[in-house]
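# Coordinates in review
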Amino acid sequence: MIRFETKFDADKTKQLNKFTMKKFWWAYALCTVIFVALGVMDIVSSEPDLVFGIVMIVIGVLFTPLCIWITSCVQKRIDKSMSIMSENTVETYVFDEDQFSIKQEKGEEYKAITVAKYSYFHKVVSTPQYYMLYLSKMQCHVLPKESIVEGSLEELDKILNRNLHEKFVSKSK
């Protein structure tokens with residue numbers, strides 16, 4: 001048995017957003033390049049529109065930081081709307097040979113327990129600091145590796161690999 005105990009707080013959604021944004025860096029870079037290229041092409045064209053060219057360059061330069069800022073603001077708003085998300089919500093994850101469980105408790109007002117077979121996972125991604133436990137493409141539990149209280153990470157990797165096969169992905173970065 002491998003057991004983790006952690007808190008359900010905004011840091012988890014921040015880590016998930018950071019992980020997801022790393023997968024799409026190329027899209028942000030491409031949009032930046034397109035806007036800047038449009039601006040430069042317009043400025044050096046035979047009939048330049050200087051204002052349009054400068055606006056496109058500015059949009060290109062600000063595109064990625066603006067997207068990151070908007071994502072952060074929206075996530076903070078979502079986090080604030082979830083009464084379960086707080087330092088007082090304790091999450092316990094238990095991994096056995098053939099099933100896992102997730103228990104969430106917030107004092108006396110909230111308690112949820114999920115017990116399922118590993119086939120319930122859409123996928124699990126292991127990073128150097130976290131396990132990303134995807135129950136679907138859109139629902140993910142972020143499990144900090146430092147929160148392990150029983151068993152070892154190597155044991156869990158073996159269990160996940162044995163039960164999930166290609167649905168268990170280990171990333172070194």
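So, a few notes on the structure that sits alongside this text. The shown structure was predicted, so the numbers you read here are calculated from the model rather than taken from an experiment.

Compared with an ideal rise of 1.5 Å per residue, which puts 20 residues at 28 Å, helix α2 (residues 25-44) spans 28 Å between its outermost C-alpha atoms and is within 8% of the ideal. By the burial criterion, the buried members of α2 are Tyr28, Gly39 and Asp42. The arc that holds the buried residues of α2, viewed along the axis, is 75°, so those residues lie on one side. Opposite the packed face of α2, turned more than 90 degrees from it, sit the exposed residues Trp25, Val33, Met41 and Val44. Turning to α2, the residues buried within the fold contact α1 (10-23) and α3 (50-81).

In this section: the packing of α1 against α2. At a minimum axis distance of 4 Å, the contact between α1 and α2 shows a crossing angle of 60°. In terms of orientation, α1 lies oblique with respect to α2. Residues Met21, Lys22 and Lys23 of α1 form the contact with α2, whose participating residues are Trp25, Trp26 and Tyr28. Here the residues of the contact of α1 with α2 sort into four nonpolar, no polar and two charged.

Here the largest pocket is characterised by a volume of approximately 580 Å³. In terms of lining residues, the largest pocket is bounded by 22 residues, among which Thr13, Leu16, Met138, Gln139 and Cys140 are the most central. Mapped onto the lining of the largest pocket, the elements with two or more residues apiece are α1, α3 and β7 (140-144). At six residues, α1 tops the list of elements feeding residues into the lining of the largest pocket. Residues that form the lining of the largest pocket fall into these classes: 11 nonpolar, seven polar and four charged. Sorting the residues of the lining of the second largest pocket by element identifies α1, α2 and α3 as the ones contributing at least two each. For the lining of the second largest pocket, the leading source of residues is α3, giving eight residues. Of the residues contributing to the lining of the second largest pocket, the split by class is five nonpolar, six polar and five charged.

Calculation notes
- Residues numbered from 1 in each chain as written.
- Predicted model: local features only at pLDDT ≥ 70, side-chain atom pairs only at ≥ 80, totals over all residues.
- Heavy atoms only, no water.
- Helix = DSSP H or I, 4+ residues; strand = E, 2+ residues; numbered from the N terminus.
- Expected span 1.5 Å × (residues − 1).
- Buried < 20%, exposed > 50% of the residue type's maximum accessible area, 1.4 Å probe, protein only.
- Arc of directions from axis to C-beta.
- Contact = heavy atoms within 4.5 Å.
- Axes fitted to C-alpha atoms, helices over the stretch in contact; angles between N-to-C directions.
- Parallel < 35°, antiparallel > 145°, perpendicular 65-115°, else oblique.
- Nonpolar A, V, L, I, M, F, W, Y, C, P; charged D, E, K, R; others polar.
- 1 Å grid on protein atoms, 1.4 Å probe; cavity = no way out; pocket = protein on both sides within 12 Å on 5 of 7 lines; lining within 4 Å.
- Points joined across faces, edges and corners; volume = space filled by probe spheres on them.

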